[in-house]
Amino acid sequence: MSSGSLFNFINTAFTKLEETQGLDISKANLRKEKTLHTDETGININGKRQWLHNASSLDWTYLSAHEKRGHDAMDEIDILPQFNGVMCHDHWKHYYRYECLHSLCNANHLRELTRAYEQDNQAWAEEIRVFLVKLNQEVDKAFLLYTSDAADDLLCVHLCRRRIPNNNLLSVSSLRDVTVSISLPACLHTSNYHHKKR
């Protein structure tokens, strides 16, 4: 497929979205979602650096190219300022200015932990990475217990330490009261923390 054909397909699709108000409908639905995933990445448009902003849920995705990366662009796109569910994102500070609940993206955590282990020789980082992967697998198993209608409620997973004798277990409780328990890696065991007196 030639780049010219691809360009024409994209322009035709964009025109149809404008004619049917598909972009406004998508934005309106994203603002009402319980959970929203957001990100931005650098792109090149006609030799100039731009930012491709993303807001997505299980049912809706909105992509918008903008000259700016930060909150000016996000405000202009006008999804995040009106969103009040749980926003899942990376650690970039501009997301925190929005009045909603915030959840940090574990895909970003996994990349950072891999880097810390492979480049900085931090053994604890690999323990945490493996732990997060196992935790994700356990949460996936819990999803199988529910119908697709209930699965949306499970998207917001709350992590909390349970008070148990050895204090080395993490409990994952969902909005549907599913609890998954998994052993913590040794580097997170409470017995490994020593508090110094000041």
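Let me sum up the structure you'll find in this document. These numbers were taken from a predicted model, which means no experiment stands behind them.

## Re the nonpolar core
Note on soluble globular proteins: their nonpolar side chains tend to be buried together.
Turning to step 1, where the next piece is worked out: Core analysis: the biggest nonpolar cluster contains 14 residues, and Leu36, Ile79, Leu80 and Met87 have the highest contact counts within it.
Turning to step 2, where the next piece is worked out: Discounting chain neighbours no more than four positions away, the residues touching Met87 are Leu36, Thr38, Leu80, Tyr95, Tyr98, Cys100, Leu101, His102 and Ser103.

## Notes on the sheet that holds strand S3 (residues 61-66)
Turning to step 1, where the next piece is worked out: Reading across the sheet, the five strands line up as S3-S2-S1-S4-S5 and stay open at both edges, with mixed pairing between neighbours. At either end of the open sheet lies a strand with only one pairing partner, and these are S3 and strand S5 (101-104). Strand after strand, the sheet turns through a mean of 25 degrees between neighbouring axes, direction not considered.
Turning to step 2, where the next piece is worked out: Sheet analysis places strand S2 (residues 48-56) next to S3, joined by six bridges and oriented antiparallel. Bridge pairing links Trp51 to His66 in S3.
Turning to step 3, where the next piece is worked out: Contacting strand S1 (35-45), S2 and S3, helix H2 (residues 22-32) crosses the sheet at an angle of about 110 degrees to S3.

## Let's talk about H2
Residues separated by three or four positions in an α-helix point in the same direction, a consequence of the helix having 3.6 residues per turn.
Turning to step 1, where the next piece is worked out: Along H2, the residues that are buried comprise Gly22, Ser26, Lys27, Leu30 and Arg31.
Turning to step 2, where the next piece is worked out: Check the buried side of H2 and you find it contacts helix H1 (3-19), S1, S2, S3 and helix H3 (71-77).

## Quick notes on the environment of Leu23
Turning to step 1, where the next piece is worked out: Relative to the assigned elements, Leu23 resides in helix H2.
Turning to step 2, where the next piece is worked out: Taking relative accessible area as the criterion, Leu23 reaches 23% and is therefore assigned partly exposed.
Turning to step 3, where the next piece is worked out: Separated by 40 residues in sequence, Leu23 and Leu63 have C-alpha atoms that sit 9.6 Å apart.
Turning to step 4, where the next piece is worked out: What Leu23 contacts, discounting residues up to four positions off in sequence, is Phe14, Leu17, Glu18 and Tyr62.

## Regarding the pairing of S2
Turning to step 1, where the next piece is worked out: Relative to S2, S1 runs antiparallel, the two being bridged by nine bridges. Each bridged residue has a counterpart across the sheet, and for His37 the counterpart in S2 is Ser56.
Turning to step 2, where the next piece is worked out: Linking two consecutive strands that pair antiparallel, namely S1 and S2, is a turn of two residues; a positive phi of about 55 degrees is found at Asn46 within it.
Turning to step 3, where the next piece is worked out: Connecting the antiparallel pair S2 and S3 is a turn made up of four residues.

## Observations regarding the packing of aromatic side chains
Turning to step 1, where the next piece is worked out: For the coordinates displayed, the defined rule picks out one aromatic pair.
Turning to step 2, where the next piece is worked out: The lysine or arginine in question, Arg49, covers the ring of Trp51, its NZ or CZ lying 4.6 Å from the ring centre.
Turning to step 3, where the next piece is worked out: Over the ring of Tyr98 we find Arg97, and its NZ or CZ is 5.8 Å from the ring centre.

## So, unusual backbone geometry
Turning to step 1, where the next piece is worked out: Unusually for a residue other than glycine, Gln21 sits at a positive phi of about 60 degrees.
Turning to step 2, where the next piece is worked out: Secondary-structure assignment places Gln21 in the loop between H1 and H2.
Turning to step 3, where the next piece is worked out: Residues other than glycine seldom take positive phi values, yet Asn46 does so here, at roughly 55 degrees.

## Quick notes on a nonpolar patch on the surface
Turning to step 1, where the next piece is worked out: The grouping of Met1, Leu6, Phe9 and Ile10 at the surface amounts to a nonpolar patch, some 490 Å² of accessible area in total.
Turning to step 2, where the next piece is worked out: Residue position: Phe9 is located in helix H1.

## Quick notes on H1
Turning to step 1, where the next piece is worked out: The end-to-end C-alpha distance of H1 is 24 Å, a good match for the 24 Å that 17 residues give at a rise of 1.5 Å each.
Turning to step 2, where the next piece is worked out: Trailing H1 by a residue or two, Gln21 shows a phi angle of about 60 degrees, which is positive.

## So, the pattern of salt bridges
Turning to step 1, where the next piece is worked out: Within the structure shown, the criterion is met by seven salt bridges.
Turning to step 2, where the next piece is worked out: Across the salt bridge formed by Arg97 and Asp75, the nearest N and O atoms sit 3.0 Å from each other. Of the two residues, Arg97 sits in the loop between strand S4 (86-89) and S5 while Asp75 sits in helix H3, which places them 22 residues apart along the sequence.
Turning to step 3, where the next piece is worked out: Exposure remark for Asp75: the relative accessible area of 31% places this residue in the partly exposed category.
Turning to step 4, where the next piece is worked out: A salt bridge links Glu126 to Arg129; the nearest nitrogen and oxygen atoms lie 2.8 Å apart.

Basis of the calculations
Residues numbered from 1 in each chain as written. Predicted model: local features only at pLDDT ≥ 70, side-chain atom pairs only at ≥ 80, totals over all residues. Heavy atoms only, no water. Core = buried A, V, L, I, M, F, W, Y, C linked by side-chain atoms within 4.5 Å. Buried < 20%, exposed > 50% of the residue type's maximum accessible area, 1.4 Å probe, protein only. Contact = heavy atoms within 4.5 Å. Pairing = 2+ DSSP bridges. Helix = DSSP H or I, 4+ residues; strand = E, 2+ residues; numbered from the N terminus. Axes fitted to C-alpha atoms, helices over the stretch in contact; angles between N-to-C directions. Phe/Tyr/Trp six-rings, centres within 6.5 Å; stacked < 30°, edge-to-face > 60°. Lys NZ or Arg CZ within 6 Å of the ring centre and 35° of its normal. Patch = residues over 30% accessible without salt bridge, like charges linked within 9 Å, V, L, I, M, F, W, Y side chains within 5 Å. Areas by Shrake-Rupley, 256 points an atom, 1.4 Å probe, with all protein chains shown as cover. Salt bridge = Lys/Arg side-chain N within 4 Å of Asp/Glu carboxyl O. Expected span 1.5 Å × (residues − 1).

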